[in-house]
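Analysis of the macromolecular model
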Amino acid sequence: SIIRRSDYRPPDWLVPGIELDFDLTAAVTRVHATLSVVRNGEHDRPLRLDGDGLFPLEVKVDGRVLDPEEWMLDGGALVVPLTGPAHAVETRVEIAPEKNSQLMGLYASGGLLCTQCEAEGFRRITFFPDRPDVLSRYTVRMEADKGRYPVLLANGDPVERGDLPGGRHWARWTDPFPKPCYLFALVAGDLACNADRFVTMSGREVALGIWVKEADLPRTAHAMKALKDSMAWDERVYGREYDLDVFNIVAVSDFNFGAMENKGLNIFNSRYILADPETATDLDYDGVEGVVAHEYFHNWSGNRITCRDWFQLSLKEGFTVFRDQSFSADMGSHAVKRIEDVRILRAAQFQEDAGPLAHPVRPESYMEISNFYTATIYNKGAELIRMMALMLGPERFRASTDLYFERHDGEAATCEDFVRAMEDGGQIDLMQFRLWYEQAGTPHVRALLSHDAANGTAELRLEQTMPTTPGQPDKKPMAIPLRVALFDPATGGHKGDQLLMLTEAAQSFRFEGFAAPPILSINRGFSAPVIVETNRSQADLAFLSAHDDDPFARYEAMQQLMVNGLIGRIGGQAVDEEAIVAAIRGTATDPQLDPAFVAEAIRLPSEAYLGDQMPVVDPDAIHAARESLQQRIGAALEPLWRDIHAGTKANGFSLSPAAKGARKLRNIALHYLVAAGVEDGPAIAFAQFHEADNMTERQAALATLANGTSDEREAALDIFYNRYRDDALTLDKWFQTQAFACHPDTVELIGELRRHKDFTLTNPNRVRALIGAFAGNQWAFHHESGKGYRLVADAIIALDKINPQTAARLVPPLGRWRRFDEGRAAMMRAALERILAEPGLSRDVTEQAGKSLE
Ligand code: ARG
Ligand code: ZN
């Protein structure tokens, strides 16, 4: 059945208060819930409490046990007719955490008991109106064996605890803030605590705790620093203060997503908490910082103000991603963070927008809400907030967010409420801008710059088109903010950056005072999430790659230069590769540039991104052209790569931006050196692998070796495996590195790893490391035999029986069949049809595979 945004109705019954009592064991947990329910408006509809896999052992109303004919079960939900406007409704159920392999609701992970309720997991714990606009005050009592579960945590503040006979104990927590049930959480287990404190801007002291297995305590320092930095940043930048006496984070090893912002008790996938130099790359460190911040920021953008219904998901996710991106930029380099975020947006969201699963930032319908935790809701949603912030400017944007937080505190709000706060606080008209929430698809902008020598003017003609997407054949022109500058090739400078608003299908802008033709720098800072096509020559791009003072635009010019070269080569044109080599040489030897920026700018666009630039993706031709250009760049600049590689070797480990930048550049230099095919390449990579005192350099060396067929490849993989076989997060890297590798036998190697004794479908991180990564390896996954498709389809079918949510996330790569040649497209469709034919297929996978075939 399909849920539609237009069907929204306010809840029939509200639940201002709930008391929960848990008698916890891994095999059987007894849950006793007492709901105070209040009729919402005048009606005679019964109370309907969602449930999934629950059976009521007892139902009471106002203290009286109901006979079984006084209630009924309807599609899992408990329906109870009520007579008055307010009642106390009690239910008792039993659930089995250790049998919960979906990891939704209450489940067991590595000896712990923990919960994940967003979006609809609470209904697997107890009967309740499981919708985000029902807000309740929670009191939670938990009881468990003290030896096995010495720590008992829930939302809010701890109020009471005590011991019980038989080695058991109990604890009570209350959360003073009304919240929707998707923010409920509890954890029971044998956990150690990294305890710290934070004093808020108004002087309140907050006890901070990061709870992990004892052995992991030394790996929690970075997460704690990120938490304190986030708390201070949200006060300084948004005026948002924390509101409870305690803030706890728990790391668990089996988790469907990155982390969860449960009020006062965030639960994390351990990969976003644990980090030390031996096992975490710089990217992992940044991931910890970003996700800790993201979940913390949800306390205001998500918890204090939640979503009215799940169609408004981007209200909290888009805004919170924008907030965590801004935070990470402030903690490190704005330029590099923007480049990384745009790369992710293009790789994940532009592909989604261009395929059968395209949907608006505020969707109109869904079958399974878990399938809508997408790059569109999160990353495109963040771009929408970023565009509004740009159009308003910093002061008015801050005034608008202040207004938003003040106006809607304690409410379940909508995307429309957010936009209206931007309008009211920023005195701006966002009527046309609202289309960004409604229309799916990535706008295409054609930008043609012409010059009139006689008048000394330049004219920029902009045309926009919106692709059709499922269910949206006709589109209206969007309001697109484009930051633009016109460079004078003689001076190398420009007369200022301007914000142009493209609001019509076609529009022209005139610029005075150009005796000679200027060079166009457009969509600077990636001011709008659009695809821009220009009439700039390779020479113009080479100029910008050396002179543009907007770091993103400079990076972009360099990438476009490479894309044009590679696409030209694939199309059989004569390409001036020397210009690309020269631009790379110029960037890599520019002493003014930050090494981290250089590393981003000089690396070749990914095979997937190149595929996105072609009408029909040809994985083999892309791979061959990219390998060959890489070899040429490697060989032409061999002495430079040797110099950089030797010159960036650090003396001791540091997490300073300079040290991180040096490692990034060093790894690229190694990569080009090995790509050049120099005789000592694998030996240099192996030496780096062997000598590195940090995972960033060790893993990069391993990845470089994994691409080839050298003897060093096997040796390095064996060493890595034996060193980290007992450390799940690091062993994931061993799987992932091989899944990403371009080796002639990648598909067979992945098949073997699928049968490896350390591979399991029950751990989502392991599944993503092997199957998810492989599906992102364009050349290997799209092997012309179709064996890559079969491998992924087999994994989806097997995983669907264990964890449908994670299985559904593996479907989209198969749904991209329209982008490939007929042979591959037929095999991809066959894989999807085989999945759909599977008896008992979940709603999650049914929706994704079904839509992919439409
Ligand atoms: N709200 C969480 C976050 O963005 C993600 C929860 C995803 N859970 C799900 N079942 N889709 O931090
Ligand atoms: Zn989030």
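As the structure is a prediction and not an experimental result, all values here were calculated from the model. Every chain's residues receive numbers from 1 upward, in the order its sequence appears when written. Here the convention is simple: chains get letters from A, ligands get numbers from 1, in the order in which they are written. For a predicted model such as this one, the threshold for reporting local features is a pLDDT of at least 70, and the threshold for listing and counting side-chain atom pairs is 80 or more; totals across whole chains, interfaces and linings nevertheless cover every residue.

**Regarding the overall build of the protein chain**
Per the convention used, a helix needs a DSSP run of H or I reaching at least four residues, while a strand needs a run of E reaching at least two, with both numbered from the N terminus. Scanning the protein chain from terminus to terminus reveals 27 helices and 32 strands. A globule of 854 residues ought to have a C-alpha radius of gyration of about 29 Å, and the protein chain, at 28 Å, matches this closely. Along the longest, intermediate and shortest principal axes, the C-alpha atoms of the protein chain span 90 × 65 × 60 Å. In this scheme every C-beta is placed from the backbone, and a residue whose C-beta has 20 or more other C-beta atoms within 10 Å is buried, one with 12 or fewer is exposed, and one in between is partly exposed. Looking at the protein chain as a whole, 51% of its 854 residues qualify as buried. Distance between backbone-placed C-beta atoms decides contact: two residues are in contact if it is within 7 Å. The long-range fraction of contacts in the protein chain, counting pairs at least 24 apart against all pairs at least 6 apart in sequence, stands at 70%. As defined in this context, the radius of gyration uses C-alpha atoms, and a globule is described by 2.2 Å times the residue total to the power 0.38.

**Details of the UniProt feature "domain: Aminopeptidase N-like N-terminal" (unreviewed entry) in the protein chain**
UniProt positions are given in the numbering used here, feature names are shortened, and annotations may be inferred rather than shown by experiment. Sequence positions flagged by UniProt for "domain: Aminopeptidase N-like N-terminal" (unreviewed entry) are, in local numbering, residues 90–183. Annotated as residues 90–183, this span is 0% helix and 53% strand, and its ends, taken at the C-alpha atoms, are 21 Å apart.

**Topic: the UniProt feature "domain: Peptidase M1 membrane alanine aminopeptidase" (unreviewed entry) in the protein chain**
The positions that UniProt labels "domain: Peptidase M1 membrane alanine aminopeptidase" (unreviewed entry) are, in the present scheme, residues 223–433. Its end C-alpha atoms 37 Å apart, residues 223–433 is made of 55% helix and 9% strand.

**What about the sheet that holds strand β11 (residues 112–116)?**
The four strands lie next to each other as β10-β11-β16-β13, forming an open sheet whose pairing is antiparallel. Since the sheet does not close on itself, it has two edges, and those belong to β10 (105–109) and β13 (151–154), each with one partner. Ignoring strand direction, the axes of neighbouring strands in this sheet form an average angle of 20°. When β10 meets β11, the two strands line up antiparallel, connected through five bridges. Directly across from L106, in β11, lies its bridge partner T115. Strand pairing is assigned whenever DSSP identifies at least 2 bridges connecting the two strands. Axes here refer to lines fitted to C-alpha atoms; in helices the fit is confined to the stretch in contact. Angles between the N-to-C directions go from 0 to 180 degrees.

**Observations concerning unusual backbone geometry**
Comment: phi is negative for the bulk of residues other than glycine, and the bulk of peptide bonds are trans. Following E118, the chain continues to A119 via a peptide bond in cis, the omega torsion being 0°. A positive phi angle is found at L103, which is not glycine, with a value near 65°. Mapped onto the elements of the fold, L103 is located in the loop between β9 (86–95) and β10. A positive phi is found at F526, a non-glycine position, where the angle reads about 55°. Mapped onto the fold, F526 is located in the loop between β31 (519–522) and β32 (531–534). Exposure remark for F526: the 22 C-beta atoms within 10 Å place this residue in the buried category.

**Let's talk about the site of ligand 1**
Near ligand 1 the following residues occur: E118, A119, N256, F257, A259, M260, E261, H294, E295, E317, S370 and Y373. Residue assignment for the shell around ligand 1 shows that the elements contributing at least two residues are β20 (259–260) and α2 (282–297). For this classification, the nonpolar set comprises Ala, Val, Leu, Ile, Met, Phe, Trp, Tyr, Cys and Pro, the charged set comprises Asp, Glu, Lys and Arg, and every other residue, Gly included, is treated as polar. In terms of residue class, the shell around ligand 1 is built from five nonpolar, three polar and four charged. Only the C-beta atom matters for nearness: placed from the backbone, it must lie within 6 Å of the molecule or strand for the residue to count as near.

**Focus: the nonpolar core**
In this description, a nonpolar core means buried residues of the types Ala, Val, Leu, Ile, Met, Phe, Trp, Tyr and Cys, linked to one another by C-beta atoms lying within 7 Å. Of all hydrophobic cores here, the largest spans 241 residues; its most connected members are V187 and V250. It is helix α16 (residues 657–675) that contributes the most residues to this core, nine residues altogether. If we ignore the near neighbours within four places in the chain, the residues touching V250 are C114, L153, V187, L191, W211, I267 and F268.

**Examining the sheet that holds β20**
In space, the five strands of this open sheet follow the order β17-β18-β19-β21-β20, with mixed pairing throughout. Both edges of this open sheet fall to β17 (192–199) and β20, since each of them pairs with a single strand only. Sheet analysis places strand β18 (residues 205–212) next to strand β19 (residues 246–252), joined by five bridges and oriented parallel. The partner of G209 across the bridge, within β19, is N248.

**A short note on the pairing of β10**
Counting buried residues along β10, five of its five residues qualify, which places the element largely inside the surrounding structure. From the end of β10 to the start of β11, which pair antiparallel, there are two residues, and G110 there has a positive phi angle of about 50°.

**Remarks on the environment of I797**
Structurally, I797 is set in helix α24 (residues 787–800). Along the backbone, I797 and V159 are 638 residues apart, and their C-alpha atoms lie at a distance of 46 Å. Setting aside anything within four residues of it in sequence, one finds I797 in contact with I835 and E838.

**Concerning the packing of helix α9 (residues 538–547) against helix α10 (residues 551–570)**
The contact between α9 and α10 brings their axes to 8 Å, and the two run at 145°. Crossing hand, α9 versus α10: left-handed. Residue-level contacts link Q538, L541, A542, L544 and S545 of α9 to A553, R554, A557, M558, Q560, L561 and N564 of α10. Residue composition of the contact of α9 with α10, by class: seven nonpolar, four polar and one charged. Each helix crossing is assigned a hand: it is left-handed if the near helix lies turned anticlockwise from the far helix by less than a right angle, otherwise right-handed if that turn is clockwise.

**Describing the packing of helix α4 (residues 334–353) against α10**
Running from N to C, α4 and α10 cross one another at 50°; their axes reach a closest spacing of 9 Å. For the element pair α4 / α10, the angle class is oblique. Crossing of α4 against α10: the hand is right-handed. From α4, A335, R338 and I339 reach across to α10, where they touch P551, F552 and Y555. Angles are sorted into four bins: roughly parallel if under 35 degrees, roughly antiparallel if over 145, roughly perpendicular if 65 to 115, and oblique for all others.

**So, the confidence of the model for the protein chain**
Close reading of the predicted structure is inappropriate where its pLDDT is low. pLDDT is a per-residue confidence score from the predictor, ranging from 0 to 100. The pLDDT averaged across the protein chain works out to 98; a share of 100% of its residues lies at or above 70. Across the assembled chains, the prediction reports ipTM 0.98 with pTM 0.99.

**Quick look at helix α20 (residues 728–740)**
To estimate the expected span of a helix, count its residues, drop one, and scale the result by 1.5 Å. The end-to-end C-alpha distance of α20 is 18 Å, a good match for the 18 Å that 13 residues give at a rise of 1.5 Å each. Summarising burial for α20: eleven of the 13 residues are buried, a large majority. Residues of α20 that are buried include every one of L729, T730, L731, D732, K733, W734, F735, Q736, T737, Q738 and A739, and no others. On its buried face, α20 sits against α18 (695–706), α19 (711–724), α21 (746–754) and α22 (764–775).

**Some points on α9**
Helical geometry note: an α-helix holds 3.6 residues per turn, so side chains three or four residues apart project in the same direction. Looking only at α9, the buried set comprises D540, L541, L544 and S545. Around the axis of α9, the buried residues are gathered within 135° of arc, so they sit on the same side. Next to the buried residues of α9 lie β31, α10 and α11 (577–588). Think of the arc as the fan of directions from the helix axis to the C-beta atoms.

**Overview of the environment of A601**
Its place among the elements puts A601 in helix α12 (residues 595–602). It is 7.1 Å that separates the C-alpha atoms of A601 and Q559, two residues lying 42 residues apart in sequence. When residues no more than four places from it in sequence are discounted, the contact partners of A601 are R554, Y555, M558 and T587.

**A word on the environment of L265**
Looking at the secondary structure, you find L265 in strand β21 (residues 265–269). Among the residues examined, L265 registers 28 C-beta atoms within 10 Å and is labelled buried. When the C-alpha positions of L265 and F184 are compared, they lie 8.7 Å apart, and in sequence the two are 81 residues distant. With residues near it in sequence (within four places) discarded, L265 still touches L153, A154, N155, A185, V187 and N248.

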